[in-house]
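Topology and contacts: notes
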Amino acid sequence: MTFNDRFTQHTTPRHTTPRARSGRLPKPAARAAAAAVAAAGLAAGFLTVTAPAQAASSKGCVGGGFQVLGQAGEFDGTVAAPGSRFLVQGKYVRFEVDPANFAIYNYGFTGAANELDITGGRATPVYASKIPDHRGLALTSSITLEVKDEEMTLFRTGTGGLAMKIQAKDCAQGGLFQMEPERGDETRTRIVHRLAAEAFYFDNRNFRARLGDFVGSACTSEQTGPPSQFCVQVRPRVNIGNSVSAEFAVRDSAQVAERVPQPACGPDFANSLGLPETRDHCGGMSIWDVASGGRMGMVTGEDAVEVANSPTDCVQDCQAENQVRGRLEVLGFPFPVADGSRLAPRTSTDGLTAPLTP
């Protein structure tokens, strides 16, 4: 399942299977054809989205809310773009944004108390950076900002039909972050993720132990399924973990995005399904080519270790797709993560200059 399907869900503890979930927001409205149209159309689209009444009282988001660019509580409007990085500060998460390109720096959890906390009550860095390469284009407009309850949206346009949107949620776990690039030439945007020093990518052995099995509320057989929205075959799973928090699990959540292989990295865990999730994957970085209108998000906690279908290739009006209402299996992850399951080396220059994915 994608970030879009998790952005407004507030999870129960990851050991509960199956589980009920609260409602979802519709996906923000779609792509604009040019920068001027984008500024009006996209801004209007996502600023009219509001959370369902139960969202603000969700256990994982109690007291959540962002302070950003001098605004907090509830704000819907435009602000001048600052000349340097600015802080997005929530109760549960915090990160910095470079206004020039909407790169993200120092994303992490604060460790604030919550019954769905996955940090063990400690400040927990996740990403050192998420940096998009706009290949000569630049963001130049003022910043459209919405802050409401535990949600925040930033939007900015620029040269060559460039537009960037960042959505974030201030909760203890769930679908908490999404970056969406758009370009006038409709080519992909390369985004490089680098993890914080404490975090690492790993092959989830709980998933590897069940490879090929069908799981979910609609399955009648582990061997044959039959496959459906609520009966999903277990595939290899790469998660982000650390060595100090037994509940901490994160997953990169991509929609219409391809991971760029880094051949110097691995190990390439063999699997009977012939799938490439761990192939050429470094332990502390990943490279993604994201379609114009595609999304790079992150899901955390229970959502990161749920067995779900791959997202559909959708870049417009995707809100009705991939929604499951919490009927999927959660496999968890082993803790501590064995050294042999951690992908290595942490970084490589391989892939950074690879041709852009068509």
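Refer to the structure printed above.
Residues numbered from 1 in each chain as written. Predicted model: local features only at pLDDT ≥ 70, side-chain atom pairs only at ≥ 80, totals over all residues. Heavy atoms only, no water.

Looking now at the overall build of the protein. Assigned secondary structure in the protein consists of 3 helices and 18 strands. For the protein, the proportion of its 358 residues judged to be buried stands at 56%. For the protein, the share of sequence-separated contacts (at least 6 apart) that also reach a separation of at least 24 residues comes to 70%. Surface summary for the protein: the accessible area is close to 13300 Å², and the carbon and sulfur share equals 52%. (Helix = DSSP H or I, 4+ residues; strand = E, 2+ residues; numbered from the N terminus. Buried < 20%, exposed > 50% of the residue type's maximum accessible area, 1.4 Å probe, protein only. Contact = heavy atoms within 4.5 Å. Areas by Shrake-Rupley, 256 points an atom, 1.4 Å probe, with all protein chains shown as cover.)

Let's shift gears to the nonpolar core. In terms of nonpolar packing, the biggest core is built from 50 residues, with Phe95, Val97, Tyr107, Tyr127, Met152, Leu154 and Phe177 touching the most fellow members. At 4 residues, the largest contribution of residues to this core is made by strand E18 (residues 285-300). The next biggest cluster of nonpolar side chains, apart from the first, holds 17 residues, and it includes Phe202, Val215, Val305 and Val307. (Core = buried A, V, L, I, M, F, W, Y, C linked by side-chain atoms within 4.5 Å.)

Next up on the list: the pairing of strand E5 (residues 93-98). The pairing of strand E4 (residues 86-89) with E5 spans 4 bridges and is classified as antiparallel. Bridge pairing in E5 links Val88 to Phe95. Where E4 folds back on E5, the antiparallel hairpin that results is connected by 3 residues. Taken together, the 5 bridges between E5 and strand E6 (residues 103-109) define a ladder with antiparallel strand orientation. The residue bridging Asp98 from the neighbouring strand is Ala103, located in E6. Following E5, the chain reverses through 4 residues before pairing antiparallel with E6; Phe102 in that reversal takes a positive phi of roughly 60°. (Pairing = 2+ DSSP bridges.)

Two side chains with opposite charge may pair up if their charged atoms get near one another. Inspection of the entire model under this criterion finds 15 salt bridges. Across the salt bridge formed by Lys59 and Glu115, the nearest N and O atoms sit 3.9 Å from each other. On the criterion of sequence distance, the pair formed by Lys59 in the loop between helix H2 (35-47) and strand E1 (67-68) and Glu115 in the loop between E6 and strand E7 (124-133) is long-range, its members being 56 residues apart. By relative accessible area, which is 51% here, Lys59 ends up exposed. Exposure remark for Glu115: the relative accessible area of 60% places this residue in the exposed category. Residue Glu180 pairs with Arg295 through a salt bridge whose shortest N-O separation is 3.6 Å. Of this pair, Glu180 sits in strand E11 (residues 174-182) while Arg295 sits in strand E18; the two residues are 115 residues apart in sequence, bridging distant segments of the chain. Through salt bridges with shared partners, one network takes in Glu150, Glu151 and Lys169. (Salt bridge = Lys/Arg side-chain N within 4 Å of Asp/Glu carboxyl O.)

Applying the stated criterion across every chain yields a total of 3 disulfides. Residue pairing for Cys61: its cysteine sulfur links by disulfide to Cys171, the two sulfurs lying 1.9 Å apart. Classification of the bridge connecting Cys61 and Cys171 rests on its S-S torsion, roughly 95°, and on that basis the disulfide is right-handed. In this pair, Cys61 is assigned in the loop between H2 and E1 and Cys171 in the loop between strand E10 (163-169) and E11, connecting sequence segments 110 residues apart. Its relative accessible area of 1% is what places Cys171 among the buried residues. The side chain of Cys219 participates in a disulfide bridge whose partner is Cys231; the two sulfur atoms lie 2.0 Å from each other. (Disulfide = S-S within 2.5 Å.)

For the rest of this paragraph, the subject is the side chain of Arg183. Position of Arg183 relative to the elements: it lies in the loop between E11 and strand E12 (189-195). Sequence-distant contacts of Arg183, that is, excluding residues within four places in its chain, are made with His134, Arg135, Leu137, Gly160, Gly161, Leu162, Arg188, Thr189 and Ser292.

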